[in-house]
Amino acid sequence: MTHRSTTRSATGSTTPGRRTGPEAAPTPLRPETRAEGFRQARHARRIELSEDYVELIGDLIRTVGEARQVDIAARLGVAQPTVAKMLKRLADEGLVLQRPYRGVFLTPAGEVLAERSRQRHRVVEAFLCALGVSAETARRDSEGIEHHVSDETLAAMRRFTARAGKASDGR
């Protein structure tokens with residue numbers, strides 16, 4: 001049901017016909033607000049690939065003892081030349097070290113980035129599960145979301161998940 005109302009301006013005049021209620025059109029964003037949202041999304045896309053690579057490299061080292069280009073390509077479903085190009089970029093950024101015939105290693109900065117990404121991934125995945133999303137879907141969906149949420153949103157997800165966990169424990 002659409003509600004018709006009148007709005008009163010600062011001068012006291014009224015404007016009939018504005019919609020209110022659930023069907024009301026959202027208030028348009030100010031240009032500065034919209035631009036900041038786009039800047040944030042572009043920044044997240046730029047770092048997303050780096051975070052995915054360093055997280056995977058760290059996981060491979062932890063689980064199989066080494067991270068080889070062929071294994072990275074297989075896990076990401078991309079060609080080895082794609083991985084080689086990205087590894088060069090990560091090396092230039094100081095996140096990985098490549099040693100001939102020995103694989104790829106994370107620098108201390110790469111380890112920090114990998115752990116940060118891993119933690120963000122876990123928070124988003126737990127949040128989606130707390131909402132009732134299946135574990136498999138939450139795992140898939142959280143891959144990518146973690147790069148695009150602000151620290152504020154991540155903190156809210158943590159709080160929600162903690163409250164949901166307490167509620168399900170009967171506390």
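The rules behind the values
Residues numbered from 1 in each chain as written. Predicted model: local features only at pLDDT ≥ 70, side-chain atom pairs only at ≥ 80, totals over all residues. Heavy atoms only, no water. Salt bridge = Lys/Arg side-chain N within 4 Å of Asp/Glu carboxyl O. Helix = DSSP H or I, 4+ residues; strand = E, 2+ residues; numbered from the N terminus. Buried < 20%, exposed > 50% of the residue type's maximum accessible area, 1.4 Å probe, protein only. Phe/Tyr/Trp six-rings, centres within 6.5 Å; stacked < 30°, edge-to-face > 60°. Lys NZ or Arg CZ within 6 Å of the ring centre and 35° of its normal. Pairing = 2+ DSSP bridges. Core = buried A, V, L, I, M, F, W, Y, C linked by side-chain atoms within 4.5 Å. Contact = heavy atoms within 4.5 Å. pLDDT = per-residue confidence, 0-100. Axes fitted to C-alpha atoms, helices over the stretch in contact; angles between N-to-C directions. Parallel < 35°, antiparallel > 145°, perpendicular 65-115°, else oblique. Left-handed = near helix turned anticlockwise from the far one by under 90°. Nonpolar A, V, L, I, M, F, W, Y, C, P; charged D, E, K, R; others polar.

Colleague: Could you clarify how one ought to interpret the pattern of salt bridges in this entry?
Modeller: On inspection of all chains with the given rule, the structure shows 12 salt bridges. Note that D92 and K88 form a salt bridge whose closest N and O atoms lie 3.2 Å from each other. Here the residue D92 and the residue K88 both occupy positions in helix 3 (residues 80-92), the gap between them amounting to four residues, near one helical turn. Assessed through its relative accessible area of 57%, D92 is described here as exposed. Overlapping salt bridges, with partners in common, bring together D59, R62, E115, R118 and R122 in one network.

Colleague: When you look at the packing of aromatic side chains in this model, what are you seeing that I'm missing?
Modeller: Across all of its chains, the model carries one aromatic pair by this definition. With a centroid separation of 5.4 Å and an interplanar angle of 70°, the aromatic rings of F127 and F160 are classed as edge-to-face. Of the two residues, F127 is situated in helix 4 (residues 108-130) and F160 in helix 6 (residues 151-168); the sequence distance between them amounts to 33 residues. We note R99 situated over the ring of F105; from NZ or CZ to the ring centre the distance is 5.2 Å.

Colleague: So what exactly am I meant to see when it comes to the pairing of strand 4 (residues 103-106) here?
Modeller: Regular strands have side chains that alternate between both faces of the sheet. Here strand 3 (residues 96-99) runs beside strand 4; their pairing, made up of four bridges, is antiparallel. Within strand 4, the position partnered with R99 by the bridge is G103. The turn joining strand 3 and strand 4, which pair antiparallel and follow one another in sequence, is formed by three residues; a positive phi near 65° is taken by Y101.

Colleague: Got a minute to help me understand the nonpolar core in this structure?
Modeller: If you look at soluble globular proteins, the nonpolar side chains tend to sit buried side by side. With 18 residues, the main nonpolar core has V54, I57, I72, L87 and L90 as its most contacted residues. Those elements giving two or more residues to this core turn out to be helix 1 (31-64), helix 2 (69-76), helix 3, strand 4 and helix 4. Examining the composition of this core, we find that five residues originate from one element, helix 1, more than from any other. The contacts of L87, once residues within four sequence positions are left out, are Y53, I57, Q69, I72, V96, Q98 and V104.

Colleague: When you look at the confidence of the model for the protein chain in this model, what are you seeing that I'm missing?
Modeller: The predicted model of the protein chain has a mean per-residue pLDDT of 82, with 75% of residues at 70 or higher. The element-level mean pLDDT for the protein chain is lowest in strand 1 (residues 3-8), coming to 46, with helix 3 highest at 95. Here residues 1-16 scores under 50 on pLDDT; set against residues more than four positions off or in separate chains, the count is 24 contacts.

Colleague: Would you take a moment to explain the packing of helix 2 against helix 3 for this structure?
Modeller: Two quantities define a packed helix pair, namely the angle between the axes and the distance from one axis to the other. At their nearest, the axes of helix 2 and helix 3 sit 9 Å apart, and the two run at 110° to each other. Judged by the angle between their axes, helix 2 and helix 3 are roughly perpendicular. Taken as a pair, helix 2 and helix 3 cross one another with a handedness that is right-handed. Along the contact surface, helix 2 presents Q69, V70, I72 and A73, while helix 3 presents Q80, V83, A84 and L87. Partitioned by chemical class, the residues of the contact of helix 2 with helix 3 number six nonpolar, two polar and no charged.

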